[in-house]
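Residue-level listing of the chains:
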2 protein chains.
Amino acid sequence: MEKDLKKLFTEKGLKMTIQRVAILEYLMKTKTHPSADMIYEHISKKYPTITLSTVYNTLETLVNKGIIKKIPTFAGISRYDADLEPHVHLVMGDDKNVKIKDIYDKEIIQQIRTEVANKFNLDVDDNNIYLIIEEKRQQ
Amino acid sequence: MEKDLKKLFTEKGLKMTIQRVAILEYLMKTKTHPSADMIYEHISKKYPTITLSTVYNTLETLVNKGIIKKIPTFAGISRYDADLEPHVHLVMGDDKNVKIKDIYDKEIIQQIRTEVANKFNLDVDDNNIYLIIEEKRQQ
DNA sequence: TTTGTAAATTAAAAACATTCTATTTTACTA
DNA sequence: TAGTAAAATAGAATGTTTTTAATTTACAAA
Ligand SMILES: [Mn+2]
Ligand SMILES: [Mn+2]
Ligand SMILES: [Zn+2]
Ligand SMILES: [Zn+2]
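Residues numbered from 1 in each chain as written. Chains lettered and ligands numbered in written order. Predicted model: local features only at pLDDT ≥ 70, side-chain atom pairs only at ≥ 80, totals over all residues. Heavy atoms only, no water.

A. Geometry of the coordination of the manganese ion (ligand 2). Residue and element names in this part refer to chain B. Note on the manganese ion (ligand 2): its protein donors are D37 (OD), D37 (OD) and E41 (OE). The metal-donor distances range over 2.2 to 2.7 Å. In this pair, D37 and E41 both sit in helix 3 (residues 36-46), four residues apart, roughly one turn of the helix. The class of D37 is partly exposed, set by a relative accessible area of 38%. (Donors = N, O, S within 2.8 Å, 3.2 Å for Na, K, Ca; no water. Helix = DSSP H or I, 4+ residues; strand = E, 2+ residues; numbered from the N terminus. Buried < 20%, exposed > 50% of the residue type's maximum accessible area, 1.4 Å probe, protein only.)

B. Structural view of the protein's contact with DNA strand D. Surveying the vicinity of DNA strand D reveals 21 residues, the closest of which are T17(A), T51(A), S53(A), T54(A) and Y56(B). Of all atoms in DNA strand D that approach within 4 Å of the protein, 78% are sugar or phosphate atoms. Residue K15(A) places a side-chain N or O atom 3.1 Å away from a sugar or linking oxygen belonging to DNA strand D. One of the backbone nitrogen or oxygen atoms of T49(A) is found 3.1 Å away from a phosphate oxygen of DNA strand D. Contributing elements (two or more residues each) for the surface near DNA strand D: helix 2 (18-29) and helix 4 (52-64) of chain A together with helix 4 (52-64) of chain B. The element best represented in the surface near DNA strand D is helix 4 of chain A, accounting for four residues. Residue composition of the surface near DNA strand D, grouped by class: five nonpolar, twelve polar and four charged. (Near = heavy atom within 4 Å. Polar contact = N/O pair within 3.5 Å; in protein donor to acceptor, adjacent residues only side chain to side chain. Nonpolar A, V, L, I, M, F, W, Y, C, P; charged D, E, K, R; others polar.)

C. Spatial organisation of helix 2 (residues 18-29) of chain B. In this model, helix 2 of chain B (twelve residues) spans 16 Å end to end at C-alpha, consistent with the 16 Å of a helix rising 1.5 Å per residue. For helix 2 of chain B, the complete set of buried residues consists of R20(B), V21(B), A22(B), I23(B), L24(B), Y26(B) and L27(B). (Expected span 1.5 Å × (residues − 1).)

D. Region of interest: the side chain of S44(A). All names here are of chain A. Along the chain, S44 falls in helix 3 (residues 36-46). The class for S44 is buried, based on a relative accessible area of 15%. Polar side-chain contacts of S44 include one of 2.8 Å to the backbone oxygen of Y40.

Take a look at the structure:
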């Protein structure tokens, strides 16, 4: 399906490079919502000359073009997702161990959206809702 | 009400210092959910010798003792809140302009909690729920 | 009230993810 | 195939937060 990617990149006005293909294909195959560094660790095994800068630049570009999504976490380390189907991310865990679950349930998404929209007069799009839950702290 | 603070600090096994009182009183008076730096900027006008390290250390201590809450944001800059009444934080805006709104509405909180609990078998406590919403990006 | 000591503050350095800058390399167009 | 704009690279810089090591302070005990 390299041809599909070529079309996608061209449509978005992007050149198709080895690095971009590797990053996007990895993101499309995985369900783990990896961080920039996780992506770098994976990709650099096959392409040892790639740099972390390139991974960051590429991810930023893909996010800006709407090809992937950036998932913020309370740990301050962003995660990435190539699944564009509307779903909510439940971000859990602590700084050292972030866990992300997908919520595809339409009812829940709609409920949250309606509540937010009604209370705050916000036009919120599914992709931009994050429900972040911290683990309990000891007092 | 300096006496109340003395009691609070003693109960928690903390020494009462000028810095801790200044930080906690500021947090208790404001409704703005300030960052460490915002707190530092405010406090250092009255106590010019305080350092940002002390602000961070103090906030960490107060959070660990359950005296205040730490609010994560997608901007990677944490905010702080001395309001312990159960409420959900709606974090909006972009990196340069984070806006935080409080949701006290019991029904919404209960709804979100129930949904999360049912779907994921999680015992979630009101204080630890964050609904984070990013502003739409241009494609 | 004074003294002793552990706890807290301070200044500075380090850590960490991320962004930026300047140079080299590459993809695509003509 | 050559020319050029875009992208990749290496490394420095940034901004928030944490850590370290030295100094100062709060407060319990005498
Ligand atoms: Mn790594
Ligand atoms: Mn400042
Ligand atoms: Zn996802
Ligand atoms: Zn609040």
